[in-house]
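Secondary and tertiary structure notes
Listed below, chain by chain, are the residues.
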Amino acid sequence: MVVLDLRGSQHRVAPEEARAIAADAGSRFDQLMVVHDPVSPGTDAYMRIYNTDGSESGACGNGTRCVAYAMFDDPAMARPAEGGRLTLETVAGRVGVRRVAERAFTVDMGRPRLAWDEIPLAEPFPDTRRIELQIGPIDDPVLHSPGVVNMGNPHAVFFTERDPDSYDLARFGPLLENHPIFPERANISVAQVTGRDTIKLRVWERGAGLTLACGTAACATVVAASRLRMVGRHATVSLPGGDLVIEWRADDHVLMTGPVFLEAEGTFAPELFAGAA
C-alpha cells in the first residue's frame, strides 16, 4: 500500500497519475490510499482508493489500517485522535478504525451486501451463496459455483478442497474479473477451508491483479463460508502476505484485525503529477 496525504490541498489524483505512480519502480502499489480533508462532520479524513489501473475502489481494509497507522504515528501525518480511534470516510461510507496494539488495528468494514442487485450481478440470483459461474470445461470445470458478496466492492469466492496455490489464478483471474455477470467487475478469490476457523486464500483484485493480501476479500470469504456453514462467524484467513482475523458480528458488521508494517517513506517526483500545480 502507498499512503498519500493531500490534506490541506485541493488536488485530486487523476487516473493517469495513479497509473504513473503504480508504474514507477519506487512507488508500486496494490492500492493507492489518498487522504483528503474530512467531508462529513464527525469524520477524521476522507479517503479515495485507487487501483493500479487508475480505477477507484470503494473499500480497502488493509489500506485503511495503513492510513490509520500513518495518521497516528507518522510524524508528517500524525494529528491528535481520541482514544486510539478514527472515523474515515470513502465513497462506500464511513469506516471505524480502532488501535488494538502498537502495530495492529481493527477495522469495522460495515455490513456485507448479499442481494444480487447490491453486489451487483447482471441478472437475478435469488440465492447468492452459490451462483452459476465456472471456469474450464462444462463437464469438468476447474472452479465453479462461487459465493458472491459486496464488502464495499464486489467479490466472488470459489471454495475448493485443493490448495489455492495449485490454481493458475493469474491466467483465469482477469477472465472472471471481467465476466459479463459482473457489470462493475469483481475481485476473484480461491479459498480452501482448512479448519473450523481457518481459511487459506488467494486473490485476484479488480483493477490490480494478483495481490499478497486483500482485506475486503478476507471479509467476503468469511461471510461466504459462514453462509454455507463451512466456518462459524469468526475465522483466521491466511493470505500470502500474512494472516487476518475476521469476525462477522451478530449486529451484521464485519470486523477485520491485522498488523501494519512500515516499508519505506519518501516524496513523489513532481512529474508524476501531471495535473498538479
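The coordinates are above.
One structure accompanies this document, and this report is about it. Bear in mind that the values here come from a model prediction, so they are computed numbers and not experimental data.

Across its full length, the chain carries four helices and 17 strands. By its C-alpha atoms, the chain is 55 × 40 × 30 Å across when sized along the principal axes. The proportion of buried residues among the 277 residues of the chain is 51%. Long-range pairs, those at least 24 residues apart, make up 60% of the contacts in the chain between residues at least 6 apart in sequence. Summing over all exposed atoms, the chain offers an accessible surface of approximately 12700 Å²; the carbon and sulfur share of this is 49%. For the chain, the separation between the mean place of its 27 positive charges and that of its 37 negative charges on side chains is 4 Å.

Another aspect to go through is the environment of Pro270. Relative to the helices and strands, Pro270 resides in the segment after β17 (254-259). Residue class for Pro270 comes out exposed when judged on its relative accessible area of 66%.

Attention now goes to the nonpolar core. Judged by nonpolar contacts, the single largest core of 48 residues is most densely connected at Met71, Leu88, Leu201, Val237 and Ile246. The element that contributes the greatest number of residues to this core is helix α4 (residues 215-227), accounting for eight residues. Apart from the residues lying within four places of it in its own chain, the contact partners of Ile246 are Ala218, Cys219, Val222, Arg233, His234, Ala235, Val237, Val254, Leu255 and Met256.

Cut-offs and rules
Residues numbered from 1 in each chain as written. Predicted model: local features only at pLDDT ≥ 70, side-chain atom pairs only at ≥ 80, totals over all residues. Heavy atoms only, no water. Helix = DSSP H or I, 4+ residues; strand = E, 2+ residues; numbered from the N terminus. Buried < 20%, exposed > 50% of the residue type's maximum accessible area, 1.4 Å probe, protein only. Contact = heavy atoms within 4.5 Å. Areas by Shrake-Rupley, 256 points an atom, 1.4 Å probe, with all protein chains shown as cover. Lys, Arg positive; Asp, Glu negative; His and termini not counted. Charge placed at Lys NZ, Arg CZ, Asp CG, Glu CD. Core = buried A, V, L, I, M, F, W, Y, C linked by side-chain atoms within 4.5 Å.

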